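# Coordinate analysis (summary)
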Amino acid sequence: GGDALPCALALEIFLRQCRATLAQLKDAGGEGVARLMHGLRGSAATLGATRLSTLCARLEVSPDREQMDAVVTEVERFASAARAFNGFAGSERSRT
């Protein structure tokens, strides 16, 4: 259970970053999209969100507004999994 808390915290921080990045994407031009996707790609890869990282890598090279919906969907999918993990981590904390 001791490793769950740092992981839960990392996931919370990552999801805050995702929300901020998605909000910034609405107003970003091509170079801005590439920069935002680069940052999100690296963080996603670090946390093992490989599908999200792959989508971000594609958009980093070739910004495409239509594929932004796929990024939003993948962030939501990952957030759902993270919430489930954080619920588990919370239950582990209460046992110790």
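Attention in this report is confined to the structure presented alongside it. Predicted, not measured: the structure shown is a model, and the values here were computed from it.

### Describing the nonpolar core
Core analysis: the biggest nonpolar cluster contains 23 residues, and Phe14, Leu25, Met37, Leu40, Leu52 and Val71 have the highest contact counts within it. When contributions to this core are tallied by element, the ones reaching two or more residues are α1 (4–25), α2 (30–47), α3 (50–61) and α4 (65–95).

### What to know about the side chain of Glu74
With respect to the helices, strands and loops of the structure, Glu74 is situated in helix α4. Among the residues examined, Glu74 registers a relative accessible area of 8% and is labelled buried. Discounting residues that sit within four places of it in the chain, Glu74 has contacts with Arg51, Leu52 and Leu55.

### Topic: the packing of α1 against α2
Here α1 crosses α2 at 160°, and the two axes come no closer than 10 Å. The orientation of α1 with respect to α2, classified from their angle, is roughly antiparallel. The handedness of the crossing between α1 and α2 is left-handed. In this structure, α1 contributes Ala10, Leu11, Phe14, Gln17, Cys18, Thr21, Gln24 and Leu25 to the contact, and α2 contributes Val33, Leu36, Met37, Gly39, Leu40, Ser43, Ala44 and Leu47. Residues that form the contact of α1 with α2 fall into these classes: eleven nonpolar, five polar and no charged.

### A short note on the packing of α2 against α3
Packing of α2 against α3 brings their axes to within 8 Å, and their N-to-C directions diverge by 155°. In terms of orientation, α2 and α3 fall into the roughly antiparallel class. The hand of the α2/α3 crossing is left-handed. Taking contact as the criterion, the partners of Val33, Ala34, Met37, His38, Leu40, Arg41, Ala44 and Ala45 in α2 are, on α3, Leu52, Ser53, Cys56, Ala57, Leu59 and Glu60. Taken together, the residues of the contact of α2 with α3 break down into ten nonpolar, two polar and two charged.

Thresholds applied
Residues numbered from 1 in each chain as written. Predicted model: local features only at pLDDT ≥ 70, side-chain atom pairs only at ≥ 80, totals over all residues. Heavy atoms only, no water. Core = buried A, V, L, I, M, F, W, Y, C linked by side-chain atoms within 4.5 Å. Buried < 20%, exposed > 50% of the residue type's maximum accessible area, 1.4 Å probe, protein only. Helix = DSSP H or I, 4+ residues; strand = E, 2+ residues; numbered from the N terminus. Contact = heavy atoms within 4.5 Å. Axes fitted to C-alpha atoms, helices over the stretch in contact; angles between N-to-C directions. Parallel < 35°, antiparallel > 145°, perpendicular 65-115°, else oblique. Left-handed = near helix turned anticlockwise from the far one by under 90°. Nonpolar A, V, L, I, M, F, W, Y, C, P; charged D, E, K, R; others polar.

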